[in-house]
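What follows is each chain in one-letter form.
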Amino acid sequence: MSYSLPNFCKMLFLTAMLTCIFLQAHAQEITIRGNVTEEGTPLPGVNVILKGTSNGTVTDANGAYTLSVPSNGTLSFSYIGYVTEDVAINGRTIIDISLAPDIKSLNEVVVVGYGTQRKIETTGAIASVKAAEITQTPVVNVAQGLQARAAGVQITQNSAAPGGNISVRIRGTNSINGTSEPLYVIDGIQISNGGGVNEVSPLSSINPNDIESVEVLKDASATAIYGARGANGVILITTKRGKAGASRVTYEGYYGIQQASKQLDVLNATQYAQLENEIYANNPPYTNPASLGEGTNWQDLIMRDASIQNHQLSVTGGSDKTQLALSANYFNQDGIIINSNFKRYSIRLNLDHQINNRIKIGTSIVGSYNGSDRIPTGSESIDGPAVTGSIVGAALGAPPVLVPYREDGSIFPFGEQAGGTYRELANPLGLAAILNKTTYKRTLANIYSDFSLLEGLTYRASFNIDIENRLFDSYSPRSILSQVDLASGGGSAEKTNSNYLNLLHESILTYSKTFAAVHSLKFTGLFATQANQFNRNTIQASKFPNDVTGNEAVQLAIDRTISSDRSKDRLDSYMGRINYGFRDKYFLDLTARYDGASKFGKNHKYGFFPAVSAAWRVIEEGFMQNITLISDLKLRASYGITGNAGAIGPYQSLATVASSSGYSLNHIYANGLSPNRIPNPDLRWEKSIQTDIGLDISLLKNRLSFIVDVYNKKTNDLLFVKSLPLSSGYGTITGNFAEIQNRGIELSADARILDGAFKWSVNGNFTVNRNKLLALEGGLQEFVVNNYTVLQVGQPIGIFKTYVNNGIYQTDEPILPGSGSRTGGAKVADLNGDGQITADDQTITGNANPDFIFGLSTNMAYKNFDLNAFFSGVQGNEIYNLARYTFENPLGQRNMFAGAANRWSPTNPTNDFVSGFQGGRLPISDRFMEDGSYIRLKNITLGYTLPKIKFVYNARIYVSANNLFTITNYTGFDPEVNTFGNTNTRIGVDNGVYPLAKSYIGGVQLTF
């Protein structure tokens, strides 16, 4: 290769120029020294970085720094809680700078209900959760995203089924027969959550990706503005709204795979056949158990790897006059149990328009269409046949010696196998084939108008509507029944249409004024009226000729029953609130609400709910100015009364009648009406009286922040069903007969450990709540809820009372009268020493309430990478494992847990598993009580934000693992369980609910 002279000269000239530039750059690099202060006070740990590079340092304990940089660069000074400053070097070697506090952090606004407040002005106990935290895990509804995110809030996933129901308790259980669920307010629209373990959560119709922020109102000062509905706490949800500026289009989506976290070990076919031969020793059913091997794994057949996906497209933007936020969402989750699924389509429009400088109007509208294919799990019965009637129980109890399918691939009913021996058991695949679908459409709409009447005086008129239409479809096909069962007629169906309508109008008058630059005053007045209507129509049918039409032609069935019901109620409210502040140092809030409800007795239609709270920002005092360790310090205190209107349904204070059947008139059966409730004109509100003392403190220039609350809440006039003498003609009456107390401590902590090129923050919360039943009706000390749960004065709600397990009766050991046991059978302790087993030998053996709950998250970021992990935990609670009771009971024709292979025999005198015994029944003892404590890695996410791309404002990709592992000693599927759903008295029970899934997902977030 050769070069021409002109080209050689060009290369020589270019080389010379680059050399000069290089030497000049190095010649201009200088060393800069300086100090960073705040009004003369040195600031240690300030990041000093040459802008546009990673070259930087931090200030020392005296606020001093030294850094070598080019003389023509720019230094960037940044520190948490302070405004970042960029300073041009311009050849200087000494640069001193004073950073100013970030006033935005002082003016941070939180939603408090019927308005907003600066965070420093809040006097109540309010926890804020960011939208990014809620959607960090792939949740179906907002309450799932709140789990372990806020102190004082205990959230239990009753069932891990797609769209499954949840229980939320803010500061403990507050009712016995009523609800303890909080009130949810979504853009001013009030909704409630409730229902059984197999029901879909009403919150699942709300798209979590639409949420901007969530505030949890916990103490009486914060919740008294909602009066009769505030006793259980309030969760305020604000959705994303448009902002003036450039329009943005955002797509967010993820796709993932879910897997079962575990399976429970049961006997294989050989072990099962050996057990059956022992139970039926007089006529052993299996001649060669060893030849049967492992047999059918029914859990493998009902469980699967399942997909989960979510897609959302949103548009936001607007002008100074009009702002818009529009989003559309599609969510689809298959369950890890076959034929279970939850699907949601939703669309939301938030629109705000400033007509002129005095009038503003707007709306929030969301419509959703939801479908849930449900798999009933978690029977509430203690009887084995009922437990194995749910798909999880059926899979655990199904004999492994049987097969799932016929040769033609159709489901093989158990009644046609083994000579009909197992006719009473259901093939789990047949249960999965039962249609069990709920489809519901929901519309939430809010329309408002804001009027600026005078300077500082505004009026808002708000009209809200919540419409929900549900259709429940059920069909149990003939094809899953044996020929013997079909002989008496097969196929059963149900169709239920339910319609809910909630109308709410609120008129809000607000006056805000600052006097003499030091006094701030705000008054809020409210009138609200709310009406609820509900109606339901149900048709049930059985004995169909075939499965062709399913439940779409119920008129073909031989037997049909029809029922319908309707109810309505109304709530009228008046509220006044005064907020006063002095020099951003002292704050006082006064609230009073007056509610009237149609549901209560005529002597107590209205209730009065006042509250008072105060706060003192100690940091503003002169004696705090030289204490540089403390950045902020505020003391809070509150006292107030709130009510629980949700504790009672309509008409319970009235004398009512119900339909009766079976009357014989001239040998003809007829239906009629009969009284079924005695009136109670004194039926009234459940009231919670709560005191709260709080401390908010920030240290090290806001690097560390702590919030501590101590509370005492007593709820009286609790609704309780009182027994009546038979001579009254009624069995019970509902009245205000009981009292409960909840006391506790809450701690939240935020730590911003690193804030340079590598960022690291840690957030945590810790809650202790102690619940106690103070009184029942008429001095009653104990009320039996079921075979293992009681209400007992002086004890928490949710205690277990059982016999104490004492091993197994060994050979030649005398069997105590009343035990109903045998040699090789279960033995319980004779606690009172009277030589026999009676109900007096039962004692308190467990408590479903945890000692404490906690949550911990850690967030790291370096350049374009981010890594987040989130842990949740519950410690010190007991679970009554009814599934163990069922599947450790060797009564025959039902499989057992694997431990039964080591059961008692004359040659194996164990004290663990009893011997087989036809028709036997185990005693309800503490053998089935287990520690429900756990620590769970809820989520770990690794994300990467792509460098700037043309036409793309922001782009991020991520991978995430959820429910990756759980540390627990609990032997069931999952320690986070509650078979009885949202009940107050029957908590901490596991009777085989839908198992938890772990998931692995990948997602993308794009903004244009």
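Residues numbered from 1 in each chain as written. Predicted model: local features only at pLDDT ≥ 70, side-chain atom pairs only at ≥ 80, totals over all residues. Heavy atoms only, no water.

A few points about the sheet that holds strand β6 (residues 74-78)
What links the strands of a sheet is backbone hydrogen bonding, and the strands pair in either a parallel or an antiparallel sense. Our working definition: By definition, two strands form a pair when at least two bridges between them are found by DSSP. To qualify as a helix, a DSSP run of H or I must reach at least 4 residues; to qualify as a strand, a run of E must reach at least 2; elements of each kind are numbered from the N terminus. Note on method: axes are straight lines fitted to C-alpha atoms, helices fitted across the in-contact stretch only, with angles between N-to-C directions ranging 0 to 180 degrees.
Here we have four strands laid out as an open sheet, ordered β4-β3-β6-β7, and antiparallel in their pairing. The strands lining the two open edges of the sheet, one partner per strand, are β4 (56-58) and β7 (85-88). Going across the sheet, the axis of each strand differs from the next one's by a mean of 20°, ignoring polarity. Two strands pair when backbone bridges link them, and strand β3 (residues 47-50) and β6 are joined in this way by four bridges, in the antiparallel orientation. Bridged to Val48 within β6 is Phe77.

Considering the nonpolar core
To keep it simple, the criterion reads: Nonpolar cores were defined as sets of buried Ala, Val, Leu, Ile, Met, Phe, Trp, Tyr and Cys residues, with membership established by side-chain atoms within 4.5 Å. Burial classes: relative accessible area under 20% of the type maximum marks a residue as buried, over 50% as exposed, and values in between as partly exposed (1.4 Å probe, protein chains only). Contacts are assigned to residue pairs that have any heavy atoms within 4.5 Å of one another.
Judged by nonpolar contacts, the single largest core of 40 residues is most densely connected at Ile391, Leu396, Phe414 and Tyr422. Among residues more than four places away in sequence, those in contact with Ile391 are Ile302, Ile337, Ile375, Pro376, Thr377, Pro428, Leu431 and Ala432. In this structure, Ala127, Val129, Ile211 and Ile237 belong to the second largest nonpolar core, which totals 25 residues.

Remarks on the pattern of salt bridges
Pairing of side chains with opposite charge becomes possible as their charged atoms draw close. Defined as follows: When a carboxyl oxygen of Asp or Glu is within 4 Å of a side-chain nitrogen of Lys or Arg, the pair counts as a salt bridge.
Using the criterion set out here, one finds 41 salt bridges in the structure. Two residues, Asp373 and Lys437, come together in a salt bridge whose shortest N-O distance is 3.3 Å. Of this pair, Asp373 sits in strand β22 (residues 359-373) while Lys437 sits in strand β23 (residues 435-454); the two residues are 64 residues apart in sequence, bridging distant segments of the chain. Residue classification places Asp373 among the partly exposed residues on the basis of a relative accessible area of 24%. Asp717 is the salt-bridge partner of Arg684, the closest N and O atoms lying 3.1 Å from each other. Residue Arg684 is located in the loop between β32 (668-677) and β33 (686-699), and its partner Asp717 is located in strand β34 (residues 704-723); the two are separated by 33 residues in the primary sequence. Judged by relative accessible area, which is 24%, Arg684 ranks as partly exposed. Several salt bridges share partner residues, and in doing so they unite Arg171, Lys218, Lys634, Arg636, Asp692, Asp696, Asp709 and Glu746 into one network.

Some words on the pairing of strand β28 (residues 586-597)
Pairing between strand β27 (residues 559-582) and β28: twelve bridges, direction antiparallel. Directly across from Tyr580, in β28, lies its bridge partner Leu588. Linking β27 to β28, which pair antiparallel, is a turn of three residues; within it Arg583 sits at a positive phi near 55°. With eleven bridges joining them, β28 and strand β29 (residues 606-617) adopt antiparallel strand pairing. If you follow Leu588 over to β29, its bridge partner there is Ala614.

Topic: the packing of aromatic side chains
Put simply, the rule is: The criterion for an aromatic pair is that two Phe, Tyr or Trp rings (for Trp, the six-membered ring) have centres within 6.5 Å, with stacked assigned to planes under 30 degrees apart, edge-to-face to planes over 60 apart and tilted to the rest. To sit over a ring, a charge needs its Lys NZ or Arg CZ within 6 Å of the ring centre and within 35 degrees of the ring normal.
Inspection of the entire model under this criterion finds 24 aromatic pairs. Clustering of aromatic rings is evident, with ring pairs tying together Tyr788, Phe800, Tyr880, Tyr885 and Phe928. The ring centre of Phe870 lies 3.6 Å from the NZ or CZ of Arg149, which sits over that ring. In this arrangement the basic side chain of Arg936 is found over the ring face of Tyr934, its NZ or CZ atom lying 4.9 Å from the centre.

Overview of helix α6 (residues 269-279)
Just so we agree on the cut-off: In protein, a polar contact means a hydrogen-donor-capable atom and an acceptor-capable atom, both N or O and within 3.5 Å, with residues adjacent in sequence counting only if both atoms are side-chain atoms; elsewhere, any N or O pair within 3.5 Å suffices.
Extensive coverage of α6 is indicated by the burial of eight of its eleven residues. In this structure Asn268 caps α6, since a side-chain oxygen of it lies 3.2 Å from the backbone nitrogen of Thr270.

Focus on unusual backbone geometry
Outside of glycine, negative phi angles account for most residues, and trans bonds account for most peptide bonds. The phi dihedral of Asp584 falls on the positive side, at around 55°, and the residue is not glycine. Inspection of the secondary structure assignment puts Asp584 in the loop between β27 and β28. Its identity is not glycine, yet Lys701 carries a phi of approximately 55°, on the positive side. Note that Lys701 resides in the loop between β33 and β34.

Observations concerning the side chain of Asn982
Following the sequence through the fold, Asn982 ends up in the loop between β48 (954-968) and β49 (989-990). Accessibility expressed as a relative area gives 11% for Asn982, which makes it buried. A distance of 3.4 Å separates polar atoms of two side chains, one belonging to Asn982 and the other to Asn158. In this structure the side chain of Asn982 is engaged in a polar contact, spanning 2.7 Å, whose partner is the side chain of Ser167.

Re the confidence of the model for the chain
To keep it simple, the criterion reads: A residue's pLDDT is simply how confident the predictor is in it, with values from 0 to 100.
Counting all residues, the mean pLDDT for the chain is 89, and 94% of those residues have values of 70 or more. Across residues 1-27, confidence stays below pLDDT 50; counting only partners more than four residues off in sequence or on other chains, it has one contact.

Let's talk about a nonpolar patch on the surface
To be explicit about the condition: Patch rule: a residue counts if its relative accessible area is over 30% and it has no salt bridge; like charges are joined within 9 Å, and nonpolar side chains (Val, Leu, Ile, Met, Phe, Trp, Tyr) within 5 Å. The protein chains shown are the only cover counted for residues, whose accessible areas, like all others here, come from Shrake-Rupley with a 1.4 Å probe.
Taken together, the side chains of Phe523, Ile578, Leu588, Leu590, Val612 and Tyr639 present a nonpolar region at the surface, about 470 Å² in accessible area. Mapped onto the secondary structure, Leu590 falls in strand β28.

Overview of the pairing of strand β11 (residues 126-130)
Going residue by residue along β11, you find Ala127 and Val129 tucked away on one face and Ile126, Ser128 and Lys130 left uncovered on the opposite face. Pairing analysis gives five bridges linking β11 to strand β16 (residues 211-217), with the strands arranged antiparallel. When the sheet's bridge partners are listed, Ser128 is paired in β16 with Glu215.

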